[in-house]
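Letter by letter, the chains look like this.
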Amino acid sequence: MSTPLKIDFVSDVSCPWCIIGLRGLTDALDQLGAEVQAEIHFQPFELNPNMPAEGQNIVEHITEKYGSSAEESQANRARIRDLGAALGFAFRTDGRSRIYNTFDAHRLLHWAGLEGLQYNLKEALFKAYFTDQQNPSDHATLAIIAESVGLDIQRAAAILASDEYAADVREQEQLWISRGVSSVPTIVFNDQYAVSGGQPAEAFVGAIRQIINEAKN
């Protein structure tokens, strides 16, 4: 008998640890197989909600926000690149990469959730930004990414040209902040158990098995 598992994956499309966490989670679900019947919902979180449209150089941004040196920033990117490679994801960010505003990407993800293609769009947005060095705030780019996963490009363009789903995204962002989420990824199981950070599969397997056992008792 499969245990139902609602998973809220709170993340941003410009967060490398969110990719690592997602790969760890999906690997864990593969390992658990029929033990759980999981449903993943991606919830919005903006690491840089005040970022202007043109974005900012990644090294400059990390230095300003976290006080890291250019060397520390480079070493961190190399570590993330190695972790990603081990999980089958290509991180190609370098010292010339830019950080962008992701609010419109979250609006598209909200819509994609209604269309049953949220997971596909999330993966495509990660690849577009981290592997292909594309701008996730550019409307034309976003519409093409949406089309690539089976969403209607004209509908995507119309959503981006308006403020459709903006209120929904802001409401969800505030909800998760009010629940104490201050860093991503934060993965919440069945509205009561949380795991934070880019954890490996075994950490998720352990947490989920504990949830299954508590549900049975």
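Note that the structure is predicted; figures quoted are calculated from it, not measured. Once a new chain begins, its residue numbering starts again from 1 and follows that chain's sequence as written. Thresholds applied to this predicted model are a pLDDT of at least 70 for local features of residues and 80 or more for the giving and counting of side-chain atom pairs; totals over whole chains, interfaces and linings are not thresholded and use all residues. Calculation of side-chain values draws on the structure's entire complement of heavy atoms; hydrogens and water are dropped beforehand.

Asker: Can you help me understand the nonpolar core in this one?
Answerer: The criterion is simple. A nonpolar core is a set of buried Ala, Val, Leu, Ile, Met, Phe, Trp, Tyr and Cys residues joined through side-chain atoms within 4.5 Å. Think of it in three bands: with a 1.4 Å probe and only protein chains considered, a residue is buried below 20% of the maximum accessible area for its type, exposed above 50%, and partly exposed in between. In terms of nonpolar packing, the biggest core is built from 41 residues, with L5, L25, F189 and I208 touching the most fellow members. For this core, the elements supplying multiple residues, two or more each, are strand 1 (3–11), helix 1 (16–32), strand 2 (36–44), helix 2 (58–66), helix 5 (118–131), strand 5 (186–189) and helix 9 (201–216). Put simply, DSSP H or I for four residues or longer makes a helix, DSSP E for two residues or longer makes a strand, and each gets a number counted from the N terminus. Here this core gets eight residues from one element, more than from any other, and that element is helix 1. We call two residues in contact when some of their heavy atoms are within 4.5 Å. Beyond its immediate sequence surroundings of up to four residues, L5 is in contact with L29, V36, Q37, A38, E39, F189, N190, I208 and I211. The next biggest cluster of nonpolar side chains, apart from the first, holds 21 residues, and it includes A105, L125, A128 and L142.

Asker: Help me understand helix 2, please; the structure alone is not making it clear to me.
Answerer: In an α-helix there are 3.6 residues to a turn, and that puts residues three or four apart on one side. Every buried residue of helix 2 is accounted for by I58, V59 and H61. Along the long axis of helix 2, the arc covered by the buried residues comes to 160°, so they all point the same way. Measuring from the backbone nitrogen of V59 back to the side-chain oxygen at the start of helix 2 gives 2.9 Å, which picks out N57 as the cap. Note on helix 2: the residue one or two positions beyond its end, G67, has a positive phi of about 75°. It is the directions from the helix axis to the C-beta atoms whose arc is reported. Pairs of N or O atoms within 3.5 Å make up the polar contacts considered here, provided that, within protein, one atom can donate a hydrogen while the other can accept it, and that residues adjacent in sequence are counted only when both atoms are side-chain atoms.

Asker: Looking at this structure, I do not really get the pairing of strand 1. What am I missing?
Answerer: Side-chain positions along a regular strand alternate between the two faces of the sheet. Most of strand 1 is tucked away, with seven of its nine residues classed as buried. Two strands pair if DSSP finds at least two bridges between them. Sheet topology note: the strand 1/strand 2 ladder contains nine bridges and is parallel. Counted as the bridge partner of T3 is V36 from strand 2. Here is how to tell: hold the view so the strands point away, follow the path from the first strand over the helix to the second, and if it runs clockwise the crossover is right-handed. After leaving strand 1, the chain enters helix 1 and then returns to the sheet as strand 2, a path that is right-handed. Pairing analysis gives four bridges linking strand 1 to strand 5, with the strands arranged antiparallel. Within strand 5, the residue paired with D8 across the bridge is V188.

Asker: What is the right way to look at helix 3 (residues 70–86) in this model?
Answerer: One less than the number of residues in a helix, times 1.5 Å, gives the span that helix is expected to have. Over its 17 residues, helix 3 extends 25 Å from the first C-alpha to the last, a length consistent with the 24 Å expected when each residue adds 1.5 Å. Turning to helix 3, the residues buried within the fold contact helix 1 and helix 2. G88, located one to two residues past helix 3, shows a positive phi value of around 85°.

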